[in-house]
Amino acid sequence: MHLSSFLWLFTLFSSTWAVTVYGVLGTQTLTTATLPSGTASATPTTSYLTNHGPAPFTTLAAYNDIYLPPPPIPSPAPNNAFNISLPQEASKLNGLSIPQSGSFFGFSIEMSVAIQLIGTNSTRLFVPFLNLMALLVERGGAVHVRVGGNTQETAFMVDSFPDGKIMEKDKEDASNPTSTPVLAYTVDLLYMLGNVSSLVNVKWYLGIPFNDTNWRLQIAEFGEEILGDNLLGFQAGNEPDFYGVHFHRPLDYSPWDYFGEFGLLTGTYANNTKITRKKTLIAPSTEGSVWKDPLNPDNAPQGPEAVWNTGFVQQYDEFLSALAVERYPNNNCADIFPSPGTTPVDLLTLFSQYLTHNNAFNLLQPYLNSTMLAQTWGKPFLMFETNTASCGGFQGLSDAFASALWAVDYGLQLANSNFTGAMFHAGGQNVSYNPFTAAPTNESSFHQWTVGPIFYSALVMAEAIGTTNTSRVKDLFPNDGNEFTPAYAVYENDALARMVLINFLDDPSGAHDYTATINVGGQQYNEANGVPAQIKVKYLLAPSVSEKDNITWAGQTLGGRFQADGRLQGTETIRSFPCDQAANTCQVTVPAPGVALVLLNENAQQAAVEAGGASTYPTTVQTKRANTVTADPAVVATSNGNNGKNRAAHQGGTSQGGANGASGLRLGLGAAVVGLVVSLVGFAGVLW
């Protein structure tokens, strides 16, 4: 463990909680006593985008004010009442996935923004990040986080920086279509990750720079030493099929070229005595738009068959801990990086394409052969980077409730397709798809974090899969396979445990809510009737698919923009529905829009109740004496922030560069002494 004598964490003091949420259906004041738990009925006050093409906005992309009009109800509309029949025993249902872990839905943090989202350095970790991770650990057992992306490719380690920072970006040398800066960092970045893992069960993926073949392996050497069992592996090449078109290699750079360079890497890797765990590389992480499968050249997107056809896995088996791909369903590059001959995506047309089961289903078809091959090779198969759209996402879509619905469906479809994990990407304030975003540095004394809709999807996924590592997922195609009403079954320890029902439609009147009648076991499966006396249901809800702020999971919210401290606020609501055991039926209604997590057995219901006890990080002592008040640490909530005088010394950088304080004394301690900095409107006190 690598901890300072004082581990600084940023927090916001609050003994009561009330926020004003500016949502798509008007303003609402949310408190611990009044939380939205269903469809809202306020008068719309939002101005929807009406012009086709890209959406103009004047704020940072992470906080844009673009709202897209909800798609109309399709004609004909799907049936709003249908049956779903399932056996109690997994052995009687064909097509179940491989066993999945509750850490399936992870995050990919762009390496250059790690000091915005994780901590300033090893002695200053961000409490909102810790709290968000704790929510998922409580539900899924662990969280897997990749720190890397485009910026890992040019990253190099230095001993220190004159100003004490742990990371510096050189944008002057950014010479590629994604404006990726050259990144320098110190070993303290790795100690920072290790200190997170000492507090909450987060495990890490890192990346070896692949921009040239003079291999810089310090991240592997020190990563193994510092992170130990909390290190999952190293990506070797980030979207190598793009190297040619992004001018990192000759234009004709091919799978065979990558094969050869990977061989050079493994040769150096094998001879490096500081790296003792050799089977830690993850590859090929292709995107799928460039290298064609010789047998299926018209596929779009392409799977990684072009790499498999070189004998890649067989040749490098002793070094490969996992196989991986990266894929976004679309991109916003023509808007962010305009060039002749490119046309930005029309958001008004695009919106409805994310509100259908066909999106996730079709996106993953090219990978089914690879997930099957991965099983025969005995390798995990990861979606190593994904989100709603590359090049920062789409304003009004990637940050709206529609993306939460899409990500639940996509995450479960990934699990159903025998992927073994998926990392949803997070960048800085200049993108709109972030699962979570820190406040800009110059606003951190009065603004908190912003939690995006996709983080709510992570909560649903973690609870749907659970902590036993035995959960197997099945896409059910209910309602005659209607694309707007998908559903999944989750079998745990070979018995039906949970279901996830999704309603992609948007209708605040309730006319297109649907009711699913669930049958479990019975004569058709040669089983006894299996429905319990009652089922319990947790809902993911928002007033509209266009909503950005007023989102709830089981009646609780993480707050609107600039209002999140990483803790769920309000009273959890788990609905109970009686079943007709004589008829062997249970009925569940799913609002339009919404997601229902149906808990079908006693173990699943008990796990859902226990999921509300995630740890947070209270303050312990007090330093600043002037203009302070005494507060019971038990009521000190957790968030980022600092008083204005000290912010420059204690706050991490943003995508604009930022600043960092002192490096602090490193001590190996059995337990951390946790200090929390408090920032209040009208009160500038520092509590220890």
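Bear in mind that the values here come from a model prediction, so they are computed numbers and not experimental data. (Residues numbered from 1 in each chain as written. Predicted model: local features only at pLDDT ≥ 70, side-chain atom pairs only at ≥ 80, totals over all residues. Heavy atoms only, no water.)

### Looking at the environment of glutamate 610
Quick reminder of the rule: In this text, helices come from DSSP runs of H or I with a minimum length of four residues, and strands from runs of E with a minimum of two, each type numbered from the N-terminal end.
Within the fold, glutamate 610 resides in helix H15 (residues 602-610). Expressed as a C-alpha distance, the spacing of glutamate 610 and glutamate 138, which sit 472 residues apart in the sequence, is 8.2 Å.

### Here's the deal with the nonpolar core
Under the convention used in this document: Residues grouped as a nonpolar core are buried Ala, Val, Leu, Ile, Met, Phe, Trp, Tyr and Cys residues, joined through side-chain atoms within 4.5 Å. Categorising residues by exposure relies on relative accessible area from a 1.4 Å probe, with only protein chains included: less than 20% of the type maximum marks a residue as buried, more than 50% marks it as exposed, and the intermediate range marks it as partly exposed. Pairs of residues are marked as contacts when any of their non-hydrogen atoms sit within 4.5 Å.
In terms of nonpolar packing, the biggest core is built from 144 residues, with Met133, Phe312 and Phe455 touching the most fellow members. Per-element tally for this core: the top contributor is helix H12 (residues 401-416), with eleven residues. When sequence neighbours within four positions are dropped, the list of residues in contact with phenylalanine 455 reads Phe107, Leu132, Met133, Leu135, Leu136, Pro435, Phe436 and Leu558. Counting residues in each nonpolar core, the second largest holds 30 residues, with Leu496, Ile535, Tyr539 and Phe577 among its members.

### Remarks on empty space enclosed by the protein
Empty pockets left among the atoms are what a rolling probe the size of a water molecule brings to light. What counts is decided by this rule: Both site types are read off a 1 Å grid over the protein atoms alone. A 1.4 Å probe that fits but cannot get out defines a cavity, while an open set with protein on both sides within 12 Å along at least five of seven lines defines a pocket; lining residues have an atom within 4 Å of a point. Grid points are joined across faces, edges and corners, and a volume is the space filled by probe spheres set on the points. When residue character is reported, Ala, Val, Leu, Ile, Met, Phe, Trp, Tyr, Cys and Pro are called nonpolar, Asp, Glu, Lys and Arg charged, and the others, Gly included, polar.
Following the criterion strictly, the structure yields seven cavities of 30 Å³ or more and no others. Approximately 120 Å³ is the volume attributed to the largest cavity. Taken together, 14 residues line the largest cavity, and the ones lying closest to its centre are Ala62, Asp399, Thr450, Gly452 and Pro453. Its residues assigned to classes, the lining of the largest cavity comprises five nonpolar, six polar and three charged.

### Quick notes on the state of the cysteines
In a disulfide, the sulfur atoms of two cysteines are held together by a covalent bond. Worth spelling out the cut-off: Cysteine sulfur atoms that come within 2.5 Å of each other are treated as a disulfide pair.
Under the definition given, this model contains two disulfides. Note on cysteine connectivity: cysteine 333 is disulfide-linked to cysteine 391, with sulfurs 1.9 Å apart. Measuring handedness by torsion sign, the sulfur bridge of cysteine 333 and cysteine 391 sits at about 80 degrees and is right-handed. Taken as a pair, cysteine 333 in helix H8 (residues 333-336) and cysteine 391 in the loop between strand S17 (381-386) and H12 lie far apart in primary sequence, 58 residues in all. The exposure class of cysteine 333 is partly exposed, given its relative accessible area of 25%.

### Comments concerning the sheet that holds strand S24 (residues 514-520)
Just so we agree on the cut-off: Two strands pair under a simple rule: DSSP has to find at least two bridges between them. Only the stretch in contact is used when fitting a helix axis, every axis being a line fitted to C-alpha atoms; angles between N-to-C directions are given from 0 to 180 degrees.
Judged by pairing direction, the sheet is mixed, and its three strands sit side by side in the order S5-S24-S28 without closing on themselves. The open sheet terminates on both sides in strands that have one partner only, identified here as strand S5 (81-86) and strand S28 (586-590). Neighbour-to-neighbour, the strand axes of this sheet turn through a mean angle of 25 degrees, independent of strand direction.

### Quick look at the confidence of the model for the chain
Rule in force here: Each residue carries a pLDDT score, the predictor's own confidence in it, on a scale running from 0 to 100.
Mean pLDDT for the chain: 84, with 80% of residues reaching 70 or above. For residues 1-23, every residue scores under 50 in pLDDT, and the model assigns this stretch 121 contacts once sequence neighbours within four places are set aside. Low pLDDT (under 50) marks residues 618-688, which in the prediction has 201 contacts with non-local residues, meaning those over four places away or in another chain.

### A word on the packing of helix H10 (residues 357-364) against H12
Inclusion rule: What makes a crossing left-handed is the near helix being turned counterclockwise from the far one by less than a right angle; a clockwise turn instead makes it right-handed.
Two numbers describe how H10 lies on H12: the axes approach to 9 Å, and their chain directions differ by 35 degrees. Here H10 and H12 pass one another in a crossing that is right-handed. Only Trp406, Asp409, Tyr410, Gln413 and Leu414 of H12 make contact with H10, whose side of the interface consists of His357, Asn359, Ala360, Phe361, Leu363 and Leu364.

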